[in-house]
Amino acid sequence: MPISHAARRQLFLDALEGQAAVIPAAQAMQHHADVEFPFRQDSDFWYLTGFDEPGAVALFLPHRPETPFVLFVPAKDATAEVWEGFRWGTEGAVQQFGADVAHPLDQLEVLLPDYLNGADGISFRVGRHSAVEPLVLKVWAQQLDRAPRLGMAPRQLSAPCPILHAMRLRKEPEEVERIRMAARISAEAHEKAREFARPDQNEAEVRATLEQHFLARGTRGFAYPSIVAGGDNACILHYTANNAPLRDGDLLLIDAGCSLSDYYNGDITRTFPINGRFSGEQRELYSLVLQAQEAAIAEVRPGATAEQVHERAVRVLVEGLVELGLLCGDLDGLIEQGAYRHLYMHRTGHWLGLDVHDVGAYRLGEHHISLEAGMVLTVEPGLYISDRLQPPEDQPAIDDRWKGIGIRIEDDVAVSQNGAEVLSAEALKSIEAMER
Ligand code: GLY
Ligand code: MN
Ligand code: MN
């Protein structure tokens, strides 16, 4: 079954309980001078519309049951289309994208007050959409001004995120299928990159191999700037320079995933020896991270929490680091004090979907959200041994033989009815597979 934006719209309209929602598309972003970044649609807007043009605005109007879905879109314009490409225009918005009514974008300011009149409230995410926000606030202010004479006005301005992001957190089976596809193509690219990488190449050449595969498989390209980090560069968590030579004897960490035409993403990390053989220290640490990752994945099932997945990874890592002499002390005390954070300083995963770090709450106050079938998360423990962060005072200094080793292993995991499905399993990760 294809993804049904219309079914999502109906659920969203029902959940709005009489409030009108204003959901803007992303704007085109300037790169420099007359050049723009490749366009990336706003994920909330995409989720509800599947419409991929910049600057559009969707209205959801439960108080107008005859025409609850209104789209404002860039108008057809032969000259603009010569420079920038095809536009669907208002007719396309109705015929192809299911809008009940569509208007050219330049009529938004004039028509918005009338559309929002009669709603119980306005649902709009302030702070994110600088072009549309002043229009929405102006309408609300005018309605409040006129309330004494009209007898009613929207009582509240609310955030649509709690409704929309709870929907996006729980993936439809068709969405899991798309993330499975993104993870598969991402895994293929990792396999190619590992086969390709050799000492004395540049990180950039390996990046090119990954991204060539993403494009050749018909995706939009990378989901986030690829991280191709040899040796100590792997200890920089958001390393994207990707321009250093690969050294014989170092590990190579690759964190890369593709984004499909409908924006579903893969997010995979693999780490392997550039010359095909782990050193003793590299092998010790790699097997520890792998053990932590497999133990953490084994926690993923309905009813567990992302916090439990993280805690399991931390416990395995800390236990192993004590055995290797990189930490010393009582296991529970070390975990409680966070005495491992100079070696493992990030969380073990995040939701994955239309955003790589996808929307959805991890906790509500003290209550951690229970995993449910259809949720998708990454599981990505790592260890980063460098000179950048000093050990806490009561922890051992790090011997030079460990330094310059950065390892992360990251898979994309869907919660299933009885447990978990590793969507990225086609990217190998056993010690044997990492060597040649
Ligand atoms: N690539 C970003 C992350 O792994 O979270
Ligand atoms: Mn990730
Ligand atoms: Mn990643």
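What counts, and where the lines are drawn
Residues numbered from 1 in each chain as written. Chains lettered and ligands numbered in written order. Predicted model: local features only at pLDDT ≥ 70, side-chain atom pairs only at ≥ 80, totals over all residues. Heavy atoms only, no water. Donors = N, O, S within 2.8 Å, 3.2 Å for Na, K, Ca; no water. Tetrahedral: all angles 85-135°; square planar, octahedral: opposite > 155°, others 65-115°. Near = heavy atom within 4 Å. Polar contact = N/O pair within 3.5 Å; in protein donor to acceptor, adjacent residues only side chain to side chain. Areas by Shrake-Rupley, 256 points an atom, 1.4 Å probe, with all protein chains shown as cover. Nonpolar A, V, L, I, M, F, W, Y, C, P; charged D, E, K, R; others polar. Helix = DSSP H or I, 4+ residues; strand = E, 2+ residues; numbered from the N terminus. Expected span 1.5 Å × (residues − 1). Buried < 20%, exposed > 50% of the residue type's maximum accessible area, 1.4 Å probe, protein only. Contact = heavy atoms within 4.5 Å. Axes fitted to C-alpha atoms, helices over the stretch in contact; angles between N-to-C directions. Left-handed = near helix turned anticlockwise from the far one by under 90°. 1 Å grid on protein atoms, 1.4 Å probe; cavity = no way out; pocket = protein on both sides within 12 Å on 5 of 7 lines; lining within 4 Å. Points joined across faces, edges and corners; volume = space filled by probe spheres on them. Pairing = 2+ DSSP bridges.

(A) Representation of the coordination of the manganese ion (ligand 2). Looking at the manganese ion (ligand 2), one finds its protein donor set to be Asp267 (OD), His350 (NE2), Glu380 (OE) and Glu410 (OE), positioned 2.0 to 2.2 Å from the metal centre. One can describe the site at the manganese ion (ligand 2) as irregular: its 6 donor atoms subtend angles covering 52 to 155 degrees at the metal. Site description for the manganese ion (ligand 2): donor spacing in sequence, D-x82-H-x29-E-x29-E. A separation of 3.3 Å is found between the manganese ion (ligand 2) and the manganese ion (ligand 3), both of which receive a donor from aspartate 267.

(B) Representation of the site of ligand 1 within the structure. What surrounds ligand 1 is the set Tyr224, Asp255, Asp267, His350, His357, Glu380 and Glu410. For ligand 1, an oxygen atom lies 3.2 Å from a polar atom in the side chain of glutamate 410. Its free accessible area being 190 Å², ligand 1 has 83% of it covered by the protein chains. Residue composition of the shell around ligand 1, by class: 1 nonpolar, 2 polar and 4 charged.

(C) Helix H9 (residues 203-216), seen in detail. Helix length check: H9, at 14 residues, gives a terminal C-alpha distance of 20 Å against a target of 20 Å (1.5 Å per residue), a fit within 8%. For H9, every residue scored as buried is listed here: Glu203, Val206, Thr209, Leu210, Glu211, His213 and Phe214. Taken together, the buried residues of H9 touch helix H8 (173-196), strand E9 (221-222), strand E10 (227-230), strand E11 (251-256) and strand E12 (258-259). Measuring from the side-chain oxygen of the N-cap residue of H9 to the backbone nitrogen of alanine 204 gives 2.9 Å; that N-cap residue is asparagine 202.

(D) Up close: the packing of helix H1 (residues 5-15) against helix H7 (residues 161-169). Put simply, H1 and H7 touch, their axes get as near as 10 Å, and they point 145 degrees apart. Seen along the crossing, H1 lies across H7 with a hand that is right-handed. Between H1, through Arg8, Leu11, Phe12 and Ala15, and H7, the contact on the second element is made entirely by Ile163, Leu164 and Met167. Residues belonging to the contact of H1 with H7 are distributed by class as follows: 6 nonpolar, no polar and 1 charged.

(E) The layout of surface pockets, seen in detail. Its boundaries defined by the atoms lining it, the second largest pocket holds a volume of some 320 Å³. Taken together, 13 residues form the lining of the second largest pocket, with Ala28, Glu36, Pro54, Glu84 and Arg87 sitting closest to its centre.

(F) Highlighting the coordination of the manganese ion (ligand 3). For the manganese ion (ligand 3), the full set of protein donor atoms is Asp255 (OD), Asp255 (OD), Asp267 (OD) and Glu410 (OE), at a range of 2.0 to 2.5 Å. On the primary sequence, the residues serving as donors to the manganese ion (ligand 3) are separated as D-x11-D-x142-E.

(G) Molecular detail of the sheet that holds strand E5 (residues 69-73). Taking strand neighbours across the sheet as the criterion, the 6 strands line up as E6-E5-E4-E1-E7-E8 in an open arrangement whose pairing is mixed. Bordering the open sheet on either side are strand E6 (101-104) and strand E8 (156-158), each of which pairs with just one other strand. In this sheet, neighbouring strand axes are inclined to one another by 20 degrees on average, regardless of whether the strands run parallel or antiparallel. In this structure, strand E1 (residues 20-24) lies alongside strand E4 (residues 57-60), joined through 4 bridges in antiparallel fashion. Bridge pairing in E4 links isoleucine 23 to alanine 58. Helix-sheet contacts for H1 involve E1, E4 and E5, and the interaxial angle to E4 is about 55 degrees.

(H) Up close: the packing of H8 against H9. Interaxial distance between H8 and H9 falls to 9 Å at its minimum, and their mutual angle equals 145 degrees. Both H8 and H9 take part in a crossing whose hand is right-handed. Only Glu205, Val206, Thr209, Leu210, His213 and Phe214 of H9 make contact with H8, whose side of the interface consists of Ile185, Ser186, Glu188, Ala189, His190, Lys192, Ala193 and Phe196. Residues of the contact of H8 with H9, tallied by class, amount to 7 nonpolar, 4 polar and 3 charged.

(I) Examining the sheet that holds strand E20 (residues 420-422) more closely. Overall, antiparallel pairing links the 3 strands, which are arranged E16-E19-E20 in an open sheet. This sheet does not close on itself; its edge strands, each paired only once, are strand E16 (376-379) and E20. Neighbour to neighbour, the strand axes of the sheet diverge by 30 degrees on average, direction disregarded. Relative to strand E19 (residues 411-415), E16 runs antiparallel, the two being bridged by 4 bridges.

In short, the description is geometric, and any link to function would need to be established separately.
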